[in-house]
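Working through the structure, step by step
The residues making up each chain are set out below.
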Amino acid sequence: MTTQNPANVVPVDDWNRLLDGRVAVVTGGGAGIGGAVSRLFAAHGAHVEIAEIDQERADQAVDEIEAAGGSVRAHVVDVTTEAGVDTLRDAVLGEHPAVSVLVNNVGDYRPLVRFPVSSAESWKAMYDINLFHVFAVTRAFLDSMVDSGGGSIVNVHSVEGLRGYPGDPVYGAFKAAVAKFTTDLAVGMGRKGIRVNGIGPDLTQTPQVDYLGGYEDHDDMWESWAPVGRLGWPEDQARVALFLASDLSSFVTGHNVPVDGGSLAGGGWFWSPTEKRFVNRPRTL
């Protein structure tokens, strides 16, 4: 009944197994944010199907999850191509009738090409890795999710899709497109049991953005850089993904959550007259 109170849909005793028995697909699930999502989902009872372009990362993720008692399988595929998406779909749905959770995590700001010297080729590269696969992977699993009664889609984009990003407007535009796709798909698919939400990370240590390597002598600066006063970790993103994937968020859809330590609320990018460039980590005098 639509009027039934769902407050106890997840009993407190089961909160350590929020995804028990569900099948979750995580793209880019071998390392960084995707790796943290894969590990946490498996710890909460999901069978995780990892799409990963790098064999070594895929193997490491499988070893870690299985060592912790989790259920996982990895597919070494490139989801920025139609062939890679088809391979992933056929492999997953050949083993399972449907997936319950999809996390579209793949994305990268590299190769960074400043707009004045960019080209159709660089725009296409940004499109493939930041937007195309979100469309393609979602479409590949959407029908099975609907046929099985519903599910949750979590799109990992970037806080740069939610604010002005002077570094690369093409990258920022594609991240904003993922956020808009998230909202639009949520409205269109909600009555078919599909919830769709997005995560906008920032200030998070990943293989792509190495704050520890580039700012190893700046531990004391995080109080100035992030309103929460610290560096973010992939696990910070994974916990929000778990909430959005699980029944804890059963009445949440169409939202894009900045998981950024408060950087969006705090202002974001600033022009530095002394450095003659935009900075998102202000220096103290």
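Up top is the structure these notes are about.
Here the structure is a predicted model, which means the values were calculated and not measured.

Overview of a negative patch on the surface
Negative charge collects at one region of the surface, where Glu56, Asp59, Asp63 and Glu66 lie side by side. Secondary-structure assignment places aspartate 63 in helix 2 (residues 55–67).

Overview of the pairing of strand 6 (residues 194–201)
For strand 6, a buried count of eight out of eight residues is recorded, marking the element as mostly surrounded by other parts of the structure. In this sheet, strand 6 lies alongside strand 5 (residues 151–156) in parallel orientation, the contact comprising six bridges. Following the sheet pairing, serine 152 is matched in strand 6 by arginine 195. The β-α-β motif built from strand 5, the intervening helix 5 (residues 169–189) and the parallel element strand 6 has right-handed crossover chirality. Summarising the sheet, strand 6 and strand 7 (residues 256–259) pair through four bridges and their orientation is parallel. Following the sheet pairing, proline 201 is matched in strand 7 by valine 259.

Some points on the packing of helix 3 (residues 82–95) against helix 4 (residues 120–147)
Viewed as axis vectors pointing N to C, helix 3 and helix 4 meet at an angle of 25°, and their least axial separation amounts to 10 Å. By the angle class used here, helix 3 and helix 4 are roughly parallel. Crossing geometry of helix 3 relative to helix 4 is assigned as right-handed. Listed contacts from helix 4 to Glu82, Val85, Leu88, Arg89, Val92 and Leu93 of helix 3 are Phe132, Ala136, Val137, Ala140, Phe141 and Ser144. For the contact of helix 3 with helix 4, the per-class residue count stands at nine nonpolar, one polar and two charged.

Let's talk about the sheet that holds strand 1 (residues 23–27)
One open sheet accounts for seven strands, arranged 3-2-1-4-5-6-7; its pairing is parallel. Looking at which strands have only one partner, the edges of the open sheet turn out to be strand 3 (71–76) and strand 7. Neighbour-to-neighbour, the strand axes of the sheet open up by a mean angle of 15°, direction not taken into account. Of the strand pairs in this sheet, strand 4 (residues 101–104) and strand 5 are connected by four bridges, and their pairing is parallel. Paired with asparagine 104 across the bridge in strand 5 is asparagine 155. Packed on one face of the sheet, helix 2 meets strand 2 (47–52) and strand 3 and runs near 175° to strand 3. Contacts between helix 5 and the sheet are confined to strand 5, strand 6 and strand 7, with strand 6 contributing the most and set at about 160° to the helix.

Side note on helix 4
Here helix 4 spans 39 Å end to end across 28 residues, near enough to the 40 Å set by a 1.5 Å rise per residue. At aspartate 128, helix 4 shows its maximal kink, close to 50°. At the C-terminal side of helix 4, glycine 149 shows a positive phi close to 105°.

A short note on the nonpolar core
Among the nonpolar cores identified, the biggest contains 33 residues, and Val79, Leu88, Phe141 and Ile153 are the most heavily contacted of them. Mapped onto this core, the elements with two or more residues apiece are strand 1, helix 3, helix 4, helix 5 and strand 6. No other element matches the ten residues that helix 4 contributes to this core. The contacts of valine 79, once residues within four sequence positions are left out, are Thr27, Ala51, Val85, Leu88, Val106, Phe132, His133 and Val137. Counting residues in hydrophobic clusters, the runner-up holds 27 residues, among them Val37, Val48, Val156 and Ala238.

A few points about the packing of aromatic side chains
Counted by the stated rule, this structure contains seven aromatic pairs. Aromatic side chains tyrosine 165 and tyrosine 171 sit 5.8 Å apart centroid to centroid with 70° between the ring planes, which places their arrangement in the edge-to-face category. Accessibility classification places tyrosine 165 together with tyrosine 171 in one group, the buried group. For the ring pair tyrosine 211 and tryptophan 222, a centre distance of 5.5 Å and an interplane angle of 75° mean the geometry is edge-to-face. With tyrosine 211 in helix 6 (residues 211–214) and tryptophan 222 in helix 7 (residues 222–225), the pair connects residues that are eleven residues apart, well separated along the chain. There is no split in this pair, since tyrosine 211 and tryptophan 222 are both buried. Here a set of aromatic residues connected by ring pairs shows up, and it is made of Tyr127, Phe132 and Phe174.

Analysis parameters
- Residues numbered from 1 in each chain as written.
- Predicted model: local features only at pLDDT ≥ 70, side-chain atom pairs only at ≥ 80, totals over all residues.
- Heavy atoms only, no water.
- Patch = residues over 30% accessible without salt bridge, like charges linked within 9 Å, V, L, I, M, F, W, Y side chains within 5 Å.
- Areas by Shrake-Rupley, 256 points an atom, 1.4 Å probe, with all protein chains shown as cover.
- Salt bridge = Lys/Arg side-chain N within 4 Å of Asp/Glu carboxyl O.
- Lys, Arg positive; Asp, Glu negative; His and termini not counted.
- Charge placed at Lys NZ, Arg CZ, Asp CG, Glu CD.
- Helix = DSSP H or I, 4+ residues; strand = E, 2+ residues; numbered from the N terminus.
- Buried < 20%, exposed > 50% of the residue type's maximum accessible area, 1.4 Å probe, protein only.
- Pairing = 2+ DSSP bridges.
- Right-handed = clockwise from strand over helix to strand, strands pointing away.
- Axes fitted to C-alpha atoms, helices over the stretch in contact; angles between N-to-C directions.
- Parallel < 35°, antiparallel > 145°, perpendicular 65-115°, else oblique.
- Left-handed = near helix turned anticlockwise from the far one by under 90°.
- Contact = heavy atoms within 4.5 Å.
- Nonpolar A, V, L, I, M, F, W, Y, C, P; charged D, E, K, R; others polar.
- Expected span 1.5 Å × (residues − 1).
- Bend = angle between axes of the 7 residues up to and from the residue.
- Core = buried A, V, L, I, M, F, W, Y, C linked by side-chain atoms within 4.5 Å.
- Phe/Tyr/Trp six-rings, centres within 6.5 Å; stacked < 30°, edge-to-face > 60°.

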